[in-house]
Amino acid sequence: MSIEIAGLTRRYAEVAALDAVDLSIRDGEFIALLGPSGSGKTTLLRALAGLEFPDAGSLHVHGRDLARVPARERGIGFVFQHYALFRHMTVFENVAFGLRIRPRRDRPGGAEITARVQRLLELVQIPELARRYPDQISGGQRQRVALARALAIEPRLLLLDEPFGALDAKVRKELRVWLRQLHDRLGITSIFVTHDQDEALDLADRVAVMRAGRVVQFDTPETLLARPADAHVAGFLGEAVRLPCTLADGQARFAALPPLAVETSLPDGPALAFLRPVDLAAEPAGGDAPGNATVVSARHDGRGLRLTVLLEGTVLDATPAAGWAAPARGEPCRVRPLAARLFPA
Ligand SMILES: Nc1ncnc2c1ncn2[C@@H]1O[C@H](COP(=O)(O)OP(=O)(O)OP(=O)(O)O)[C@@H](O)[C@H]1O
């Protein structure tokens, strides 16, 4: 389902939980709403689900104005972080509930419900748990049940509010890969809320970065990382370090790093530079030239060797220069900027 959100506003006393949000989502997209606590992510999801009523603006799903459509007729599946399953019902009954609450005219009969629940449990890969109760299964399995229940109504739009927030990192990672595959297989449109940038960047086709009730940037993960719209987005995404600098004569000059040649439309004077670990090259060195630092730690991450260094009281992540195979803790080094994203100070 395509979704058009225009000027959506929701106020609580003096707080604008949503402040004129515009968002246009294509059929079949997997969208992340990413932002700090209180930025309006949940309110936006609840407005789509029909659990929240906006003060202004419009919501259209596949061209249909949602304002007049009650929550239960929207055909939207919803999974919350703590979507308490019914504790006194088995897994089977929890999922069947999603079918039993359908409007009478398209509610299936008993045998059909049994067959469908079985199919849904197979889809979420827990058919063997049908007779268990929620407190007899793991947190990750509970979220699969919650998802099966949400999918029981055959939604064209799936909304997920921090669905894996309560789970440990490993289970979370597995479930998110699996969720992405499920989304692709079902061909639905999904919107999920997270404040975990890795989750958003790994999983989503496009990410809406929210701040104070507004969508500050809505782009693909690649574009967000390469061209953040402002200093806030740059600071929020990736692992960039923020360093003040002074622009003059086509150079960014730093207090403790060698200067960097830059092309920018910003005027000469103070600016803010964001540098990712790949933008900082570290090589073995001594002496007291600008950029001299000490290796704090060296570790391998998914992309190769990563160094943490201490540069005049600032801790930075940097990438060792080619050929420096085994930097040791405490070893002196020199850090050079290779690139930076610049914003007004
Ligand atoms: N029922 C309410 N009454 C008053 N203020 C509310 C209510 N619901 C939300 N707010 C306020 O609206 C703003 C946005 O809240 P929302 O829950 O949408 O944020 P969020 O981005 O989902 O945050 P989190 O990541 O912490 O869940 C916050 O300032 C919040 O305090």
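Residues numbered from 1 in each chain as written. Predicted model: local features only at pLDDT ≥ 70, side-chain atom pairs only at ≥ 80, totals over all residues.

- The protein chain is annotated in an unreviewed UniProt entry as Sulfate ABC transporter ATP-binding protein of Paeniroseomonas aquatica.

Things to note about the overall build of the protein chain
Phase 1 of the analysis: Counting its regular elements, the protein chain contains eight helices and 20 strands.
Phase 2 of the analysis: Dimensions of the protein chain, computed from the C-alpha atoms along their principal axes, are close to 80 × 45 × 35 Å.
Phase 3 of the analysis: The buried share among the 345 residues of the protein chain stands at 39%.
Phase 4 of the analysis: Look at the contacts in the protein chain between residues 6 or more apart in sequence, and 67% of them connect residues 24 or more apart. (Helix = DSSP H or I, 4+ residues; strand = E, 2+ residues; numbered from the N terminus. Buried ≥ 20, exposed ≤ 12 C-beta atoms within 10 Å, placed from the backbone. Contact = placed C-beta atoms within 7 Å.)

Overview of the pairing of strand 15 (residues 280-284)
Phase 1 of the analysis: Judged from the five bridges that link them, strand 15 and strand 19 (residues 332-337) form a sheet pairing that is antiparallel. Pairing of Glu 283 across the sheet is with Arg 334, part of strand 19. (Pairing = 2+ DSSP bridges.)

Notes on the environment of Phe 30
Phase 1 of the analysis: Within the secondary structure, Phe 30 is located in strand 3 (residues 30-34).
Phase 2 of the analysis: Each C-alpha atom of the pair Phe 30 and Tyr 133 lies 31 Å from the other, and the pair is 103 residues apart in sequence.
Phase 3 of the analysis: The residues contacting Phe 30, other than those within four sequence positions of it, are Arg 180, His 183, Ser 190, Leu 203, Ala 204 and Asp 205.

What about the site of the ligand?
Phase 1 of the analysis: Around the ligand lies a shell formed by Tyr 12, Val 15, Ala 17, Gly 35, Ser 37, Gly 38, Ser 39, Gly 40, Lys 41, Thr 42, Thr 43 and His 195.
Phase 2 of the analysis: Mapped onto the shell around the ligand, the elements with two or more residues apiece are strand 2 (15-25) and helix 1 (41-49).
Phase 3 of the analysis: Broken down by element, the shell around the ligand gets its largest block of residues, three residues, from helix 1. (Near = placed C-beta within 6 Å.)

Here's the deal with helix 2 (residues 91-100)
Phase 1 of the analysis: Of all ten residues in helix 2, seven are buried; the element is thus mostly enclosed.
Phase 2 of the analysis: Of all the residues in helix 2, the buried ones are Val 91, Phe 92, Asn 94, Val 95, Ala 96, Gly 98 and Leu 99.
Phase 3 of the analysis: Contacts made by the buried residues of helix 2 are with helix 3 (110-123) and helix 4 (139-151).

Structural notes on the sheet that holds strand 1 (residues 3-12)
Phase 1 of the analysis: The sheet built from four strands is open, its strands ordered 2-1-4-5 with antiparallel pairing. Each edge of the open sheet carries a strand with a single partner, namely strand 2 and strand 5 (64-65).
Phase 2 of the analysis: Along the sheet face, helix 1 touches strand 1, strand 2 and strand 4 (56-61) and points at about 65 degrees away from the line of strand 2. (Axes fitted to C-alpha atoms, helices over the stretch in contact; angles between N-to-C directions.)

Re the environment of Gly 238
Phase 1 of the analysis: As for its placement among the helices and strands, Gly 238 is situated in the loop between helix 8 (231-236) and strand 11 (241-248).
Phase 2 of the analysis: Along the sequence, Gly 238 and Leu 260 sit 22 residues apart, while their C-alpha atoms lie 21 Å from each other.
Phase 3 of the analysis: Here Gly 238 is in contact with Leu 225 and Arg 276, once residues within four sequence places are set aside.

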